[in-house]
Amino acid sequence: MRIFSGIQPTGAKHLGNYIGAIREYVAYQERGDAFICVVDLHSITVGHDPRELRDSTVSVAALLFAAGLDPERSTVFVQSHVPAHAEAAWLLGSVTSFGELRRMTQFKEKAERQEFVAVGLFTYPVLQAADILLYDTDVVPVGEDQRQHIELTRDVAERFNSRYGETFVVPRVEVPEIGAKIMDLQEPTKKMSTTGGTEQGTVLMLDPPDVLRKKLKSAVTDSGREVVRGPGKEGIANLIEVLSVATGDKPDAIEARYADGGYGDFKADVADAVVELLRPIQERYQELRGDPAELERLLVRGAERARAVSAPVLERMVDRMGFVRRPSG
Ligand code: TYM
């Protein structure tokens, strides 16, 4: 089974990214052949700082390895190291409609926040489809907010296959049962995000323990004292999901455990659990960042593997679409 997913390098990675996606990539590598891409080409669709992009690309790659992606089993690579992505995106642009892209909720949300709305922001999902389809992907593990993009990818793949003949594997989306949408701790009706959320409500994977504790203990809850999921209890429900993922306990068991405890002990336990969840990742991250040559070596190897797998798929696309065969070399 082939797994493909992508993560943007810009913006600090947060607990939502970890719980909704990165943790899943790591789990999937037990079941299949995982390709995880640091999507730097996607990150330039909203204004960016070139120096920051370079550093954050390396930083996110380090974080992926630190979180448990094993370079012997999985392929972690940088999108711009494999030019086939940009090329395939151009080709797929002719089997994607303007209307489809206009309906993308992420585009609408992001465009609202930009003064300059780049064409690249609009065609962003086409590049995402190219990422996925170039690897004959079976499963795309993502958080809930990416579901619509993966549905579009499926439609584009099916349309290409029916116009030009069987070319692509049509991938399926998988979102985790618990934690597919981690909410902002200060505004628990909004998803956790470094661009749309609050600073205090966004738990960063690299926040030091005292900052993690402070953010989690000051999470907005409600005026009640019952640790249960339910209407009007988005804040508590969110913390129950976080604790469930951090400890491996089922949400029902957590509700039972804190049945008559009130919020104070519960929040303190969530804080401890998150500190322990992230501690080993933060330690490995620091080690890896201390060895840039090793990181570069890993990314060179990732790019080689990614090129080897995607090149024949691009070739297939070019051939089916009727381009004159390319001179080799
Ligand atoms: P990105 O970089 O915004 O997010 C990376 C992953 O984290 C998930 N995620 C969340 N999960 C739970 N709760 C949250 N609050 C939360 N916030 C983010 C996202 O769903 C995602 O899985 N367009 C993609 C990157 C991409 C991609 C791809 C993904 C490019 N090509 C191909 C899959 C396949 C994005 O911007 O993710």
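Owing to the predicted nature of the structure, the values given are computational and were not obtained by experimental measurement.

Some details on the layout of surface pockets
Thinking step 1. Approximately 370 Å³ is the volume attributed to the second largest pocket.
Thinking step 2. Together, 18 residues line the second largest pocket, and Ala-89, Gly-120, Thr-123, Tyr-124 and Leu-127 are the ones closest to its centre.
Thinking step 3. Listing elements by their share of the lining of the second largest pocket, those giving two or more residues are helix H2 (40–43), helix H4 (84–92), helix H5 (98–102) and helix H7 (119–133).
Thinking step 4. If you tally residues by element for the lining of the second largest pocket, the top one is H7, at six residues.

Some points on the nonpolar core
Thinking step 1. Judged by nonpolar contacts, the single largest core of 53 residues is most densely connected at Leu-64 and Phe-266.
Thinking step 2. Taken together, the elements giving at least two residues each to this core come down to helix H1 (15–28), strand S2 (33–38), helix H3 (50–66), strand S3 (75–78), helix H9 (209–217), helix H10 (234–247), helix H12 (263–289) and helix H13 (292–320).
Thinking step 3. When residues of this core are assigned to their parent elements, the largest contribution, twelve residues, is made by H12.
Thinking step 4. Excluding residues within four positions of it along the chain, Phe-266 makes contact with Val-227, Ile-236, Leu-239, Ile-240, Leu-243, Ile-254 and Tyr-258.
Thinking step 5. Formed by 41 residues, the second largest nonpolar core is a distinct cluster that contains Phe-4, Val-39, Val-82 and Ala-111.

Quick look at unusual backbone geometry
Thinking step 1. In this structure, Asp-136 is a non-glycine residue whose phi angle is positive, near 45°.
Thinking step 2. With respect to the helices and strands, the residue Asp-136 is situated in the loop between H7 and strand S4 (139–141).

Observations concerning the site of the ligand
Thinking step 1. What surrounds the ligand is a group of 26 residues, the closest being Gln-8, Tyr-124, Asp-131, Asp-145 and Ile-182.
Thinking step 2. Separating a nitrogen atom of the ligand from a side-chain N or O atom of Asp-131 is a distance of 2.7 Å.
Thinking step 3. Residue Asp-145 places a side-chain N or O atom 2.4 Å away from an oxygen atom belonging to the ligand.
Thinking step 4. Protein contacts shield 96% of the accessible area of the ligand, which totals 720 Å² for the unbound molecule.

Comments concerning the environment of Pro-280
Thinking step 1. Within the element layout of this structure, Pro-280 appears in helix H12.
Thinking step 2. By relative accessible area, Pro-280 is classed as partly exposed at 34%.
Thinking step 3. Spatially, the C-alpha atoms of Pro-280 and Gln-148 are 33 Å apart, while their sequence positions differ by 132 residues.

Topic: empty space enclosed by the protein
Thinking step 1. In this structure the tally under the stated criterion is two cavities of 30 Å³ or more.
Thinking step 2. What the largest cavity holds in volume is close to 50 Å³.
Thinking step 3. Sorting the residues of the lining of the largest cavity by element identifies helix H6 (105–113) and H7 as the ones contributing at least two each.
Thinking step 4. In the lining of the largest cavity, the residues fall into five nonpolar, two polar and one charged.
Thinking step 5. Size it by volume and the second largest cavity reaches roughly 40 Å³.
Thinking step 6. Phe-65, Pro-71, Ser-74, Thr-75, Val-76, Leu-298, Arg-301, Gly-302 and Arg-305 together form the lining of the second largest cavity.
Thinking step 7. When residues in the lining of the second largest cavity are grouped by element, the largest group, four residues, is from H13.
Thinking step 8. For the lining of the second largest cavity, the per-class residue count stands at four nonpolar, three polar and two charged.

Brief notes about the pairing of strand S1 (residues 2–7)
Thinking step 1. Burial within S1 is extensive, with five of its six residues counted as buried.
Thinking step 2. Note: S1 against S2, six bridges, orientation parallel. Residue pairing across strands places Gly-6 opposite Cys-37, the latter belonging to S2.
Thinking step 3. In this region the chain leaves S1, passes through H1 and returns to the parallel neighbour S2; the handedness of that crossover is right-handed.

Points about H1
Thinking step 1. With 14 residues, H1 should reach 20 Å at 1.5 Å per residue; the first-to-last C-alpha distance of 19 Å fits that figure.
Thinking step 2. A bend of about 35° at Ala-21 is the largest found in H1.
Thinking step 3. Along H1, the residues classified as buried are Leu-15, Gly-16, Asn-17, Tyr-18, Ile-19, Gly-20, Ala-21, Ile-22, Glu-24, Tyr-25, Val-26 and Tyr-28.

Comments concerning the side chain of Glu-100
Thinking step 1. As for its position among the elements, Glu-100 is in helix H5.
Thinking step 2. Within the local environment of Glu-100, its side chain forms a polar contact with the backbone nitrogen of Ser-97, the two atoms lying 2.9 Å apart.
Thinking step 3. Setting aside chain neighbours within four positions, we find Glu-100 in contact with Val-95, Leu-152, Asp-155 and Arg-159.

Looking at the packing of aromatic side chains
Thinking step 1. Considering all chains together, one arrives at nine aromatic pairs under this definition.
Thinking step 2. Aromatic pair Phe-107 and Phe-122: ring centres 5.0 Å apart, planes at 75°, arrangement edge-to-face. Of this pair, Phe-107 sits in helix H6 while Phe-122 sits in helix H7, and the two are 15 residues apart along the sequence.
Thinking step 3. Classification of Phe-107 by relative accessible area gives buried; the value is 16%.
Thinking step 4. When its relative accessible area of 15% is taken as the criterion, Phe-122 is described as buried.

Notes on the pattern of salt bridges
Thinking step 1. As enumerated under the stated definition, the model contains 22 salt bridges in all.
Thinking step 2. Residue Glu-255 pairs with Arg-229 through a salt bridge whose shortest N-O separation is 2.6 Å. Taken together, the positions of Glu-255 in helix H11 (residues 251–257) and Arg-229 in the loop between H9 and H10 put the pair 26 residues apart, joining distant regions of the chain.
Thinking step 3. We classify Glu-255 as buried; its relative accessible area is 16%.
Thinking step 4. Residue Arg-229 is classed as partly exposed on the basis of its relative accessible area, which comes to 38%.
Thinking step 5. Taking the shortest distance from any N to any O, the salt bridge between Arg-325 and Asp-319 comes out at 3.0 Å.
Thinking step 6. Overall, Asp-319 belongs to the partly exposed group, its relative accessible area being 39%.
Thinking step 7. Each of Glu-30, Asp-70 and Arg-73 takes part in one network of salt bridges that share partners.

The rules behind each value
- Residues numbered from 1 in each chain as written.
- Predicted model: local features only at pLDDT ≥ 70, side-chain atom pairs only at ≥ 80, totals over all residues.
- Heavy atoms only, no water.
- 1 Å grid on protein atoms, 1.4 Å probe; cavity = no way out; pocket = protein on both sides within 12 Å on 5 of 7 lines; lining within 4 Å.
- Points joined across faces, edges and corners; volume = space filled by probe spheres on them.
- Helix = DSSP H or I, 4+ residues; strand = E, 2+ residues; numbered from the N terminus.
- Core = buried A, V, L, I, M, F, W, Y, C linked by side-chain atoms within 4.5 Å.
- Buried < 20%, exposed > 50% of the residue type's maximum accessible area, 1.4 Å probe, protein only.
- Contact = heavy atoms within 4.5 Å.
- Near = heavy atom within 4 Å.
- Polar contact = N/O pair within 3.5 Å; in protein donor to acceptor, adjacent residues only side chain to side chain.
- Areas by Shrake-Rupley, 256 points an atom, 1.4 Å probe, with all protein chains shown as cover.
- Nonpolar A, V, L, I, M, F, W, Y, C, P; charged D, E, K, R; others polar.
- Pairing = 2+ DSSP bridges.
- Right-handed = clockwise from strand over helix to strand, strands pointing away.
- Expected span 1.5 Å × (residues − 1).
- Bend = angle between axes of the 7 residues up to and from the residue.
- Phe/Tyr/Trp six-rings, centres within 6.5 Å; stacked < 30°, edge-to-face > 60°.
- Salt bridge = Lys/Arg side-chain N within 4 Å of Asp/Glu carboxyl O.

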